[in-house]
Amino acid sequence: MSDILERGARIEAEARFLQDLVAEVERVVLGQRRLVERLVIGLLTDSHVLIEGVPGLAKTLVIRSLARALDLSFHRIQFTPDLLPSDVTGVSIFDQRTHDFEFVPGPVFTNVLLADEINRAPPRAQSALLECMAEQQVTVDGRTRRLPPVFMVIATQNPLEFQGTYPLPEAQLDRFFMRIRIGYPDAEAEMKMIRSQEHGHPLDKLEPVIGLEELAALQRAVEDVRVSDDVAAYALSVVQATRNHPGLALGASPRATLALLRAAQAFALMLGGDFITPQHVKKVARQVLSHRIIPRSGASSAQTAEAVVGEVLASVRVPA
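As the structure is a computational prediction, the values presented were derived from the model and not from experiment.

Rules and cut-offs
- Residues numbered from 1 in each chain as written.
- Predicted model: local features only at pLDDT ≥ 70, side-chain atom pairs only at ≥ 80, totals over all residues.
- Heavy atoms only, no water.
- Helix = DSSP H or I, 4+ residues; strand = E, 2+ residues; numbered from the N terminus.
- Buried < 20%, exposed > 50% of the residue type's maximum accessible area, 1.4 Å probe, protein only.
- Core = buried A, V, L, I, M, F, W, Y, C linked by side-chain atoms within 4.5 Å.
- Contact = heavy atoms within 4.5 Å.
- Pairing = 2+ DSSP bridges.
- Axes fitted to C-alpha atoms, helices over the stretch in contact; angles between N-to-C directions.
- Salt bridge = Lys/Arg side-chain N within 4 Å of Asp/Glu carboxyl O.
- Polar contact = N/O pair within 3.5 Å; in protein donor to acceptor, adjacent residues only side chain to side chain.
- 1 Å grid on protein atoms, 1.4 Å probe; cavity = no way out; pocket = protein on both sides within 12 Å on 5 of 7 lines; lining within 4 Å.
- Points joined across faces, edges and corners; volume = space filled by probe spheres on them.
- Nonpolar A, V, L, I, M, F, W, Y, C, P; charged D, E, K, R; others polar.
- Expected span 1.5 Å × (residues − 1).
- Arc of directions from axis to C-beta.

Asker: Could you clarify how one ought to interpret unusual backbone geometry in this entry?
Answerer: Excluding glycine, a negative phi dihedral is what most residues carry, and trans is how most peptide bonds are arranged. The phi dihedral of D46 falls on the positive side, at around 55 degrees, and the residue is not glycine. Within the fold, D46 resides in the loop between α2 (33–44) and β1 (49–52). Of note, the phi angle at D141 is positive, near 55 degrees, even though the residue is not glycine. When you line up the elements, D141 lands in the loop between β6 (137–140) and β7 (143–146). For D141, a relative accessible area of 63% puts it in the exposed group.

What follows is the structure, given as structure tokens:
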């Protein structure tokens, strides 16, 4: 009994840490709580996140605020058509004093990397991130260099209807743990935002809530959130249903199943739970699965990937 009580108290304290983190970021960016929570899930699962939305929705501000609230280093890359891979990873420069090449690290050598408007850059520049995201390392001139222990890529992209944008390759999309689509805030949140900036920017007053050691402990705590056989089978059924959906040319992969369960574990921890339920799986399913499935050509505009995931969730039986 004492072990159960101790575990419950620890989970409650960890959840309180996470809610304080979300609340601190929300002091700067109002009306985007869902986005902030999903980014925290990405941090807890040591993974990467893709954000899609029109310009001006404070995507960059959310990411900067989250990095500052965690006391993490932050770098930003503006992806443009003329961006080179070396602009991302770094480059070796000849030093005339030493008669040797010296490596100048690129912006990927940080804790939180913002890849802004990633779908405006050519494939070569985009692919420079693949090794960083998959292996947490950079190879330049035949030498491999490790990235920091905490490394998260948060990429933003404009809707594909915008001029000068290109769809990301499927293999690169699959490297992102979640894709989060955001829209405009409601009028009440936007008015609060206006008032909050009357006497200076709130980002200047943001204080770190937790640090690297606490974040590492929270990442380990996610792995301790229990997953029952029934809930694991339910998540698997959801993923398998995408492979048989008539509106899809390609369903989600086994990697998606693992990501879905891990996201549900992180979400349960944020809410103070030590086990996941089908509702936790449902809450994160659209962000985890929608970019890992491909609709059939000729599908109507209403048959979007997120709509298909919604249909799948409605069709799969929830365990009692």
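From this point on, the discussion continues.
Asker: Where do I start with the nonpolar core in this structure?
Answerer: Soluble globular proteins tend to pack their nonpolar side chains together in the buried interior. Formed by 74 residues in total, the largest nonpolar core has its most connected members in L39, V40, I41, L260 and L289. No other element matches the 11 residues that helix α10 (residues 254–270) contributes to this core. Beyond its immediate chain neighbours, meaning those up to four positions away, L39 contacts V49, I51, V62, I63, L66, M152, I154 and I180. Core analysis: the next-biggest nonpolar cluster, separate from the first, contains 25 residues, I118, L129, F151 and V153 among them.

Asker: Help me out: how do you make sense of the pairing of β6 in this one?
Answerer: Within a regular strand, side chains alternate between the sheet's two faces. Note: β6 against β7, 4 bridges, orientation antiparallel. Within the sheet, the bridge partner assigned to V140 lies in β7 and is R143. Hairpin connection from β6 to β7: 2 residues lie between these consecutive antiparallel strands, with D141 at a positive phi of about 55 degrees.

Asker: Please explain the sheet that holds strand β8 (residues 152–157) as it appears in this structure.
Answerer: Sheets are built from strands paired through backbone hydrogen bonds, the pairs being either parallel or antiparallel. The strand order across the open sheet formed by 5 strands is β2-β5-β8-β1-β9, and the pairing between neighbours is parallel. Each edge of the sheet is formed by a strand with only one pairing partner; in this case those strands are β2 (74–78) and β9 (178–181). This sheet shows a mean twist of 20 degrees between the axes of neighbouring strands, independent of strand direction. In this sheet, β8 lies alongside β1 in parallel orientation, the contact comprising 4 bridges. Within β8, the residue paired with L50 across the bridge is A155.

Asker: So what exactly am I meant to see when it comes to the pattern of salt bridges here?
Answerer: A side chain with one charge may pair with a side chain of the opposite charge, provided their charged atoms come close. Within the structure shown, the criterion is met by 12 salt bridges. Between E26 and R33 there is a salt bridge, with the nearest N and O atoms lying 2.7 Å from each other. As a salt-bridge pair, E37 and R33 come within 3.2 Å of each other at their nearest N and O atoms. Here E37 pairs with R33, and both are found in helix α2, just 4 residues apart, close to one helical turn.

Asker: Would you take a moment to explain the side chain of R38 for this structure?
Answerer: Within the fold, R38 resides in helix α2. With a relative accessible area of 6%, R38 lands in the buried category. Separated by 2.9 Å, the side chain of R38 and the backbone oxygen of K283 make a polar contact. Contact partners of R38, with chain neighbours within four places excluded, come to M178, I180, F267, K283 and Q287.

Asker: Can you help me understand the layout of surface pockets in this one?
Answerer: Where empty space is left in the structure can be found by rolling a water-sized probe over the atoms. By volume, the second largest pocket amounts to about 370 Å³. Lining the second largest pocket are 18 residues; nearest its centre among them are D46, S47, H48, M133 and R175. Mapped onto the lining of the second largest pocket, the elements with two or more residues apiece are α5 (123–135) and α10. The element best represented in the lining of the second largest pocket is α5, accounting for 4 residues. Its residues assigned to classes, the lining of the second largest pocket shows 8 nonpolar, 4 polar and 6 charged.

Asker: Explanation requested: α5 in the structure shown.
Answerer: Helical periodicity: at 3.6 residues per turn, an α-helix aligns residues three or four positions apart in one direction. Spanning 13 residues, α5 covers 19 Å between terminal C-alpha atoms, matching the ideal 18 Å at 1.5 Å per step. Three or more residues of α5 are buried, namely A125, Q126, A128, L129, C132 and M133. Each buried residue of α5 sits inside an arc of 145 degrees when the element is viewed along its axis, so together they form one side. Turned more than 90 degrees away from the buried face of α5 sit P123 and R124, all of them exposed. Among the structural elements, α4 (85–89), β5 (112–116), β6, β8 and α6 (170–173) are those in contact with the buried residues of α5.

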